[in-house]
Amino acid sequence: MGDSAKIFQRLHPRAYLERFVAEDVRPDGRPFDAWRDVSVNVGSISTANGSALVRLGETTIVCGVKIEIAEPELDAPEEGFLVPNIDLPALCSPKFKPGPPSDEAQVLSDRLNEVLASTISLSSLVIHPSKAVWVLYVDATCINYDGNVFDAALIAMMAALRNTTLPKATYNVETGLTTCSRTAASPLQILKTPISFSFGVFDATLLADPTAFEEPLLDTTVSVVVDENNNLVSVVQSGPGVDSGAEDTLSTCISAAKSRRVLLGGQIP
Amino acid sequence: MAFALDRRRINGPEDSFPPSFDLDASQWKLGDPRKDRSPADIRSIFLQPGLISQANGSAYIETAKTKIACAVYGPRQSKNTTYSEMGRLNVEVKFTPFSCVRRRAPMRDAEDRSIAVAIHQALVSSVRLELLPKSTIDIFITIIESDGLEGCVASGSVAASTALADAGIELLGLVTSCAASVVGKEIWLDPTEEEARLAKGTVVVACMPALQKITSIWQAGETKVAEALACMDACQEKCTEIHSVVAQALLESAKI
């Protein structure tokens with residue numbers, strides 16, 4: 001890219017994107033409905049009980065699961081804990097500052113928590129009712145922020161959870177201590193694997209998998225989360241829809257997400 | 001454990017503990033020879049500049065289990081500071097919660113800051129800050145997996161210097177760094193967490209091999225003067241080898 005094109009992009013991002021859209025292509029060369037490549041690498045972090053590194057185009061997320069033992073809540077003696085959080089450190093983009101989680105990170109963590117809640121039954125995390133349960137800390141960190149972090153983070157969290165094993169634990173009623181076996185371990189019982197697909201609307205054009213450059217220019221964003229049976233898990237649309245002929249934005253997104261889910265399902269461990 | 005509820009995160013139970021395992025017989029004790037490598041060997045280095053596309057410069061370093069990502073933003077305008085003739089070099093280190101054997105709750109503790117200070121000290125004399133008045137260079141380091149504090153400081157300094165060069169910031173020379181520990185009567189270079197725990201003392205040396213200048217020495221623990229000097233010599237020798245690794249990695253990324 002020439003210097004003058006770069007300067008034009010910095011100074012007039014909207015006009016820059018408009019010119020590309022008028023030519024039916026996006027700044028990175030993708031057609032409007034194309035997705036960036038996904039790569040998933042699991043189990044590379046030995047200090048975590050399960051881990052995954054996910055790249056969605058340039059967006060990079062590492063996720064690690066740490067297991068700990070706690071006493072369950074008094075009102076839910078047969079429920080473990082699943083604690084997902086995402087961190088967007090100052091490292092990943094110039095738009096973040098060091099310090100406590102940004103608004104964006106808080107919203108992302110909350111949405112991820114909502115989706116993950118349906119994937120694991122908390123009663124499968126019990127070691128001894130009302131005495132000891134497993135806590136799964138699922139922490140994702142963004143290493144490179146190039147848009148659509150929610151989709152990438154959900155893939156990373158699910159892959160890390162699938163990579164996690166729980167050691168066989170026994171609770172000693174007399175001492176009140178839990179001991180774990182070094183050899184016997186079993187994988188987590190995962191009920192379903194939701195994958196999210198996000199879209200953005202720019203001037204009545206639907207863009208799949210928006211980049212960090214496109215995201216701030218979008219009027220509407222839509223995220224559709226679909227599980228392996230092509231059932232909807234969550235749909236979020238923020239901003240107005242567009243009436244473009246026969247189908248409205250939301251239905252177009254949902255059918256695009258469902259057909260992409262079938263394609264991606266085989267790629268993700 | 002004092003635990004303040006942080007409403008900006010998803011919170012788990014008030015108290016939780018890492019699982020305790022039944023006894024393991026294969027413990028490694030003092031006096032045994034070093035596992036996997038000889039005393040003067042360091043862990044092999046994988047270094048890749050320019051992986052973080054949003055940053056001005058970046059580097060990712062992996063030495064066996066230690067994995068560190070580093071991004072450089074700047075030089076950019078200093079905010080909320082008074083006029084200064086010299087640029088400011090700002091180093092922030094963050095551990096991911098899953099980077100250590102024990103989970104690190106996402107609150108900044110003293111360890112992050114002491115590593116940040118050590119890395120700042122290793123780098124600050126190599127950067128030509130006098131050319132950048134009113135500016136700040138931010139170096140953000142995320143430790144994805146840690147295997148020994150000394151290794152993190154050394155690898156972090158190497159990654160940060162590589163990222164500075166990748167950002168095109170004027171340097172007097174590349175900074176490389178190496179750690180050594182005194183275990184029994186031997187000097188073991190680049191100790192892992194387990195080895196550093198058994199060591200009497202550790203030394204971390206950072207230097208600019210191209211100029212034959214040392215930028216920082218950090219010695220901790222109980223070592224004899226002769227041992228500390230021997231550690232420093234061994235580290236400096238390895239730093240020269242690491243320098244060619246860094247130069248090669250930068251050259252290859254510049255060609256693409």
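Residues numbered from 1 in each chain as written. Chains lettered and ligands numbered in written order. Predicted model: local features only at pLDDT ≥ 70, side-chain atom pairs only at ≥ 80, totals over all residues.

An unreviewed UniProt entry annotates chain B as 3' exoribonuclease family, domain 1-domain-containing protein of Mycena albidolilacea.

You'll find chain A entered in an unreviewed UniProt entry as Ribosomal RNA-processing protein 43, with Mycena albidolilacea given as the organism. According to the UniProt record, the Sequence similarities (unreviewed entry) comment for chain A is "Belongs to the RNase PH family." (UniProt positions renumbered as here; feature names shortened; annotations may be inferred.)

Q: Run through the UniProt feature "domain: Exoribonuclease phosphorolytic" (unreviewed entry) in chain A, naming residues and quoting values.
A: In the UniProt entry, the feature "domain: Exoribonuclease phosphorolytic" (unreviewed entry) is given for residues 36–167 and 193–259 of chain A. Secondary structure over residues 36–167 of chain A splits into 21% helix and 38% strand, and the C-alpha atoms at its two ends are 37 Å apart. (Helix = DSSP H or I, 4+ residues; strand = E, 2+ residues; numbered from the N terminus.)

Q: Account for the UniProt feature "domain: Exoribonuclease phosphorolytic" (unreviewed entry) in chain B, with residues named and values stated.
A: Sequence positions flagged by UniProt for "domain: Exoribonuclease phosphorolytic" (unreviewed entry) are, in local numbering, residues 42–170 and 174–231 of chain B. Strand forms 50% of residues 174–231 of chain B and helix 22%; the C-alpha atoms that close the span are 21 Å apart.

Q: Describe the interface of chain B and chain A, and please don't skip the residues or the numbers.
A: Listed as interface residues are 37 residues of chain B and, on the opposing side, 45 residues of chain A. If you list the elements that add at least two residues to the side of chain B that touches chain A, you get β1 (20–21), β4 (66–77), β5 (88–95) and β6 (135–145) of chain B. A total of 4 residues in the side of chain B that touches chain A trace back to one element, the largest contributor, which is β6(B). Classifying every residue of the side of chain B that touches chain A gives 18 nonpolar, 9 polar and 10 charged. By the bridge criterion, 2 bridges tie strand β8 (residues 177–187) of chain A to β1(B) in an arrangement that is parallel. When the bridges of β1(B) are listed, A:Thr179 appears paired with B:Ser20. (Contact = placed C-beta atoms within 7 Å. Nonpolar A, V, L, I, M, F, W, Y, C, P; charged D, E, K, R; others polar. Pairing = 2+ DSSP bridges.)

Q: Give a detailed account of the pairing of strand β2 (residues 45–49) of chain B, specifying residues and quantitative values.
A: Residues and elements named next belong to chain B. Side chains Ile45, Leu47 and Pro49 of β2 all project onto a buried face; the interleaved residues Phe46 and Gln48 project onto a face where none is buried. As paired strands, β2 and strand β3 (residues 57–63) are joined by 5 bridges and run antiparallel to one another. By the bridge assignment, Pro49 is partnered in β3 with Ala59. (Buried ≥ 20, exposed ≤ 12 C-beta atoms within 10 Å, placed from the backbone.)

Q: Can you tell me about helix α4 (residues 149–162) of chain A, naming the residues and giving the values?
A: End to end, α4(A) covers 20 Å across 14 residues, agreeing with the expected 20 Å (1.5 Å per residue, within 8%). In terms of burial, α4(A) is a largely internal element, 13 of the 14 residues being buried. (Expected span 1.5 Å × (residues − 1).)

Q: So what about the confidence of the model for chain A? Which residues, and what values?
A: In the predicted model, chain A carries a mean pLDDT of 93, and the fraction of residues at 70 or more is 98%. The weakest mean pLDDT in chain A belongs to strand β13 (residues 243–244) of chain A at 64; the strongest belongs to α4(A) at 97. (pLDDT = per-residue confidence, 0-100.)

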